[in-house]
Amino acid sequence: MFDLMIRVTGLAAGLCIVLLARRNQRKEAELGARERAGEVNRLQAGEALLRLLHKSRRTGVFATAAVAGLLVAVLVRAVATGEWGVMTVYYLVLLFLLLLWTGVGHSRTTMRIIRTRVEVSVLMRAAGRRRMPGEPPQ
């Protein structure tokens, strides 16, 4: 029963993460197309990208928390039951690798936010604006 719960939970979380990531990629591509078409200027595109990257970071935090939660559940079950079989080791290795992968993605998104924030700041100074657009709470 535990294996089924882990699989279903992992599948649901993974599907949600993939769908949210694809949606953000699509929105970023649309934003780039709008900028190339001249519908928005570089400053507006940068501000919109910054908002989108903050959404992506929230998705990354959700992904990391979901994988960490599954990893903790597997560890707690293994310690409580004393069952360290092949499936337990498989889940631990898989979830640890996924946790590393989400951590790398989270750090990449954070680096993109920093770069985009610097670019938007430079564009704002050039445009004569003094304040950065409001950032969502972290």
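What this report covers is the structure whose coordinates are included nearby. (Residues numbered from 1 in each chain as written. Predicted model: local features only at pLDDT ≥ 70, side-chain atom pairs only at ≥ 80, totals over all residues. Heavy atoms only, no water.)

### Side note on the packing of helix α2 (residues 42-81) against helix α3 (residues 86-127)
Right, on to step 1. The N-to-C vectors of α2 and α3 enclose an angle of 160°; their axes lie 8 Å apart at closest approach. Taken together, the axis directions place α2 and α3 in an arrangement best described as roughly antiparallel. Here α2 runs over α3; the crossing is left-handed.
Right, on to step 2. Tallied by class, the residues present in the contact of α2 with α3 amount to 24 nonpolar, 11 polar and seven charged. (Axes fitted to C-alpha atoms, helices over the stretch in contact; angles between N-to-C directions. Helix = DSSP H or I, 4+ residues; strand = E, 2+ residues; numbered from the N terminus. Parallel < 35°, antiparallel > 145°, perpendicular 65-115°, else oblique. Left-handed = near helix turned anticlockwise from the far one by under 90°. Nonpolar A, V, L, I, M, F, W, Y, C, P; charged D, E, K, R; others polar.)

### Points about the pattern of salt bridges
A side chain of one charge can pair with a side chain of the opposite charge when the charged atoms of the two come close.
Right, on to step 1. Per the stated rule, a full pass over the model turns up four salt bridges.
Right, on to step 2. Arginine 42 is paired through a salt bridge with glutamate 119; the nearest N and O atoms lie 3.4 Å apart. A residue pair is termed long-range when its members are at least 10 positions apart, and arginine 42 in helix α2 and glutamate 119 in helix α3 qualify at 77 residues.
Right, on to step 3. Given a relative accessible area of 38%, glutamate 119 falls into the partly exposed group.
Right, on to step 4. In this structure, arginine 77 engages glutamate 83 in a salt bridge whose closest nitrogen and oxygen atoms are separated by 3.8 Å.
Right, on to step 5. The partly exposed category is assigned to arginine 77, whose relative accessible area is 24%. (Salt bridge = Lys/Arg side-chain N within 4 Å of Asp/Glu carboxyl O. Buried < 20%, exposed > 50% of the residue type's maximum accessible area, 1.4 Å probe, protein only.)

### Looking at empty space enclosed by the protein
Right, on to step 1. A complete count under the given rule lists one cavity of 30 Å³ or more for this structure.
Right, on to step 2. Estimated volume of the largest cavity: approximately 40 Å³.
Right, on to step 3. Lining of the largest cavity is provided by Phe2, Asp3, Val74, Arg77, Ala78, Thr88 and Tyr91.
Right, on to step 4. Breaking the lining of the largest cavity down by element, the ones donating at least two residues are α1 (2-37), α2 and α3.
Right, on to step 5. At three residues, the largest contribution of residues to the lining of the largest cavity is made by α2.
Right, on to step 6. For the lining of the largest cavity, a count of residues per class yields four nonpolar, one polar and two charged. (1 Å grid on protein atoms, 1.4 Å probe; cavity = no way out; pocket = protein on both sides within 12 Å on 5 of 7 lines; lining within 4 Å. Points joined across faces, edges and corners; volume = space filled by probe spheres on them.)

### Quick notes on the side chain of asparagine 24
Right, on to step 1. By the element assignment, asparagine 24 lies in helix α1.
Right, on to step 2. Engagement of the side chain of asparagine 24 in a polar contact is seen with the side chain of serine 56, the distance being 3.2 Å.
Right, on to step 3. Sequence-distant contacts of asparagine 24, that is, excluding residues within four places in its chain, are made with Leu52, Lys55, Ser56 and Thr59. (Polar contact = N/O pair within 3.5 Å; in protein donor to acceptor, adjacent residues only side chain to side chain. Contact = heavy atoms within 4.5 Å.)

### A short note on α2
Right, on to step 1. Taking 1.5 Å per residue as the helical rise, α2 with its 40 residues ought to reach 58 Å, and the 57 Å between its terminal C-alpha atoms agrees with that figure.
Right, on to step 2. Where α2 begins, one side-chain oxygen reaches toward the backbone nitrogen of leucine 43, 3.1 Å away; that side chain belongs to asparagine 41. (Expected span 1.5 Å × (residues − 1).)

### What to know about the packing of aromatic side chains
Right, on to step 1. Under the defined criterion, the tally for this structure stands at one aromatic pair.
Right, on to step 2. Relative to tyrosine 91, the ring of tyrosine 90 lies with its centre 5.7 Å away and its plane at 50°, an arrangement referred to as tilted. (Phe/Tyr/Trp six-rings, centres within 6.5 Å; stacked < 30°, edge-to-face > 60°.)

### Quick notes on α3
Along an α-helix, residues three or four apart share an orientation, since each turn contains 3.6 residues.
Right, on to step 1. End to end, α3 covers 61 Å across 42 residues, agreeing with the expected 62 Å (1.5 Å per residue, within 8%).
Right, on to step 2. All of the buried residues along α3 are Thr88, Tyr91, Leu92, Leu95, Thr102, Thr109, Ile113, Thr116, Val120, Leu123 and Met124.
Right, on to step 3. Here the buried face of α3 lies against α1 and α2.
Right, on to step 4. Looking one or two places after α3, you find glycine 128, whose phi comes out positive at around 90°.

Such coordinate-based values are descriptive only and should not be taken to indicate function.
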